[in-house]
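Notes for the structure review
The chain contents come next:
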Amino acid sequence: MTAISLRDVPFSRPEFDRAEADAVAAVLATGWVSQGPRVAEFEALFAERVGAAHAVATTSCTTALHLALILAGVGPGDEVVCPSYTFIATANAVLYAGGTPVFAEIDAQTWNIDPADALRRVSRRTKAIIPVHQVGLAADLDALKAIEEHGITIVEDAACAIGSTYRGRHIGAQGHTACWSFHPRKTISMGEGGMLTTDDAAAAERARRLRSFAATVSDHARHQAKGMVYEEYRELGYNYRMTDVQAAIGIQQLAKLDRLLARRRAIARRYDEAFAPIAGLQTPARPPYADHAYQSYGLRLLPGCGVDRDDLLGNLVNQGISCRRGIPPIHLEPFYRGRFGSVSLPVTERVAAESIFLPMFASLSEVDQQRVIDAVVEAATRR
Ligand SMILES: Cc1ncc(COP(=O)(O)O)c(C=O)c1O
């Protein structure tokens, strides 16, 4: 008898087609492949899309966060409050800038920073706070106003937040510096890439210089001036430049964004309908102030669920369904423990231990999604 082999269900996949391939070929034909006209075009389209005055492309969200923290004046001796329930890049960027991350608790429903706990962790040394719009759900920015009133800068980690809204306005349009990721697990991607958005023209100008070694004249401007202008380097800069190849892909991805978001929201609705009625399964929060962009779809397995998180993970993987454990808290990682000692964040640790992320990408087929749903429901209702 021949065994029937079911195709694996991937966890995530970028959505590329002929449009991206043609756009890359067009850039290669011009011979201008590093930061140039396509990057400038992508920046303008991105700023318009998220409702920010300026967008500065970078190599990643991590490098955008590094620049944003430099712009906020973070340096040695300064503290930056951020959640621990986030990808390690959030806190690493604080260290790159010379600051010290101070981890705040998250809310058990939204998995975003708990504003009251964050306020308690503010000290005279706090220079900035990084709310993370985790997996595409906006953090409660209004609740952080009390922190801003202490003269502390808000830098939004919007790595997962493209398409996400807060009180009806896109993330990026709230007047803070926001940092974005185009890693392949994000809703739009060009392999790697990042963006910094801001309403502050001087900050955008400085970020443009810093991302290109702090040169006072960009390569493109020098090229247009036929080599007759000479750059200077007045501060420490970095090579955080995006290529025109990446930007050309990004332009095509932005054109598809509404369709990609609509698909993700439809997939999330179908998961919600299947899982919300099951005792012991907590579906993603839908607070009234936010429209979730579902960069990922996370479930929490509460007491009363028929299976624990690690058994469910193993069960799904054995059925060819790719999934991930909840976000590993940064404060528990050996590097952070070694550097800052032991920190206790009980809500963060509980959510991390009890959560799982399921396949979520725009081209996930109904058949494959049903396989995921059937496998989760079967395990969670087992007695
Ligand atoms: C919340 C968060 N911040 C920062 C990053 C880092 O983004 P990048 O890979 O573009 O540096 C990620 C990426 O996964 C993320 O999820």
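What counts as what
- Per chain, the residues get numbers from 1 upward, laid out in the order the sequence is written.
- For a predicted model such as this one, the threshold for reporting local features is a pLDDT of at least 70, and the threshold for listing and counting side-chain atom pairs is 80 or more; totals across whole chains, interfaces and linings nevertheless cover every residue.
- The basis for the side-chain values is all heavy atoms of the structure; hydrogens and waters are excluded.
- Grid spacing is 1 Å over the protein atoms alone, the probe is 1.4 Å, and a cavity is where that probe fits but cannot get out, while a pocket is an open set with protein on both sides within 12 Å along at least five of seven lines and lining residues have an atom within 4 Å of a point.
- Grid points are joined across faces, edges and corners, and a volume is the space filled by probe spheres set on the points.
- The numbering of helices and of strands both runs from the N terminus, where a helix is a DSSP run of H or I of at least 4 residues and a strand a run of E of at least 2.
- Residues were grouped as follows: Ala, Val, Leu, Ile, Met, Phe, Trp, Tyr, Cys and Pro as nonpolar; Asp, Glu, Lys and Arg as charged; and all remaining residues, including Gly, as polar.
- Throughout, the edges of the domains are those of an automatic or database domain assignment.
- Residue contacts are defined here by distance: any two heavy atoms, one from each residue, within 4.5 Å place the two residues in contact.
- The buried area of a pairing is the accessible area, by a 1.4 Å probe, that goes missing from both parts when the two are put together, added over both.
- Salt bridge, as applied in this entry: a Lys or Arg side-chain nitrogen positioned within 4 Å of an Asp or Glu carboxyl oxygen.
- Paired strands, in this sense, are two strands between which DSSP finds at least two bridges.
- Fitted lines through C-alpha atoms serve as axes, helices being fitted only where they are in contact, and the angles separating the N-to-C directions of these axes extend from 0 to 180 degrees.
- Here a Phe, Tyr or Trp ring, Trp counted by its six-membered ring, pairs with any other such ring whose centre lies within 6.5 Å, and the pair is stacked when the planes are under 30 degrees apart, edge-to-face when over 60, and tilted otherwise.
- Between buried and exposed lies partly exposed: a residue is buried under 20% and exposed over 50% of the maximum accessible area for its type, with that area taken using a 1.4 Å probe on protein chains only.
- Summary of the distance rule: residues count as near a molecule or strand when at least one heavy atom falls within 4 Å of that molecule or strand.
- The term polar contact refers here to a pair of N or O atoms within 3.5 Å; inside protein, the definition further demands a hydrogen-donor-capable atom paired with an acceptor-capable atom, and it admits residues adjacent in sequence only when both atoms are side-chain atoms.
- Computed by Shrake-Rupley with a 1.4 Å probe, the accessible areas treat only the displayed protein chains as cover when residues are assessed.
- Assignment of a molecule to a cavity or pocket requires that more than half of its atoms lie within 2 Å of the corresponding grid points.

1. What about the layout of surface pockets?
Of the voids in this model, the largest pocket is the one considered here, and its volume is about 640 Å³. The wall of the largest pocket is formed by 30 residues, among which Thr 86, Phe 87, Ile 88, Arg 185 and Lys 186 lie closest to the centre. At the level of elements, α3 (61-71), α4 (89-96) and β13 (324-325) are the ones that each hand at least two residues to the lining of the largest pocket. No other element matches the three residues that α3 contributes to the lining of the largest pocket. Along the lines of polarity and charge, the residues of the lining of the largest pocket split into 13 nonpolar, 10 polar and seven charged. Here the lining of the largest pocket spans two domains, since at least three of its residues come from each of domain 1 (18-255) and domain 2 (258-380). Taken as a whole, the second largest pocket holds about 310 Å³ of empty space. What lines the second largest pocket is a set of 15 residues, among which Gln 35, Glu 205, Arg 208, Arg 211 and Ser 218 lie closest to the centre. Counting residues per element, the ones that place at least two in the lining of the second largest pocket are α2 (37-50) and α7 (201-210).

2. Brief notes about the domain arrangement of the chain
Examined at the domain level, the chain breaks down into domain 1 (18-255) and domain 2 (258-380). Domain 1 and domain 2 are separated by 26 Å when their C-alpha centres are compared. Contact with domain 1, which involves 40 residues of that partner, is made by 39 residues of domain 2. For the pair domain 1 and domain 2, the summed buried surface comes to about 3400 Å²; carbon and sulfur atoms form 61% of the total. For domain 1, the biggest contributors to the area lost against domain 2 are Tyr 85, Trp 111 and Val 135; these three give 20% of the whole. Linking domain 1 with domain 2 are one salt bridge.

3. Looking at the sheet that holds strand β14 (residues 355-358)
Pairing in this open sheet of four strands is antiparallel, and the strands run β10-β12-β14-β13 from one edge to the other. Across the chains shown, the open sheet's two edge strands, defined by having one partner strand only, are β10 (281-282) and β13. The pairing of β13 with β14 spans two bridges and is classified as antiparallel. Directly across from Arg 324, in β14, lies its bridge partner Phe 357. The strands touched by helix α9 (residues 244-275) are β10, β12 (297-301) and β14; relative to β12, the strand with the most contacts, the crossing angle is about 15°.

4. Section: the packing of aromatic side chains
Counted by the stated rule, this structure contains 15 aromatic pairs. Ring plane angle 65° and centroid distance 6.0 Å describe the contact between Phe 42 and Phe 46, whose orientation is recorded as edge-to-face. Of this pair, Phe 42 and Phe 46 both sit in helix α2, separated by four residues, roughly a single helical turn. Each member of the pair Phe 42 and Phe 46 is classed as buried. Between the aromatic rings of Tyr 85 and Trp 111, the centroid separation amounts to 6.0 Å while the plane-to-plane angle is 75°, which identifies the pairing as edge-to-face. Of this pair, Tyr 85 sits in the loop between β2 (79-83) and α4 while Trp 111 sits in the loop between β3 (100-104) and α5 (115-120); the two residues are 26 residues apart in sequence, bridging distant segments of the chain.

5. Some details on the site of the ligand
As a matter of local geometry, the ligand sits amid 14 residues, with Cys 61, Thr 62, Asp 157, Ser 181 and Lys 186 nearest to it. Here a nitrogen atom of the ligand sits 2.7 Å away from a polar atom, N or O, in the side chain of Asp 157. Contact between the ligand and Ser 181: an oxygen atom at 2.7 Å from a side-chain N or O atom of the residue. For the ligand, whose free accessible area comes to 390 Å², the fraction covered by protein is 90%. In a pocket analysis with a 2 Å cut-off to the grid points, the ligand is assigned to the largest pocket. If you list the elements that add at least two residues to the shell around the ligand, you get α3 and α4. For the shell around the ligand, the residue count by class is six nonpolar, six polar and two charged.

6. Concerning the environment of Gln 246
In this fold, Gln 246 is placed in helix α9. Taking the C-alpha atoms as reference points, Gln 246 and Val 33, 213 residues apart in sequence, are found 9.0 Å from one another. Apart from the residues within four sequence positions on either side, Gln 246 is in contact with Met 190, Glu 192 and Gly 193.

7. Overview of the pairing of β3
Of all five residues that make up β3, four are buried, and the element is covered over most of its length. The sheet contact formed by β2 and β3 spans five bridges and is parallel. Residue Val 81 lies in a different strand from β3, and its bridge partner there is Val 102.

8. Topic: empty space enclosed by the protein
Empty space among the atoms becomes apparent when a probe as large as a water molecule is rolled across them. Throughout the structure, instances matching the rule amount to three cavities of 30 Å³ or more. In this model, the largest cavity occupies a volume close to 90 Å³. As for the largest cavity, its lining consists of 14 residues, and the residues nearest its centre are Thr 110, Trp 111, Pro 284, Ala 285 and His 292. Counted by class, the lining of the largest cavity contains six nonpolar, eight polar and no charged residues. Split by domain, the lining of the largest cavity shows at least three residues from each of two domains, domain 1 (18-255) and domain 2 (258-380).

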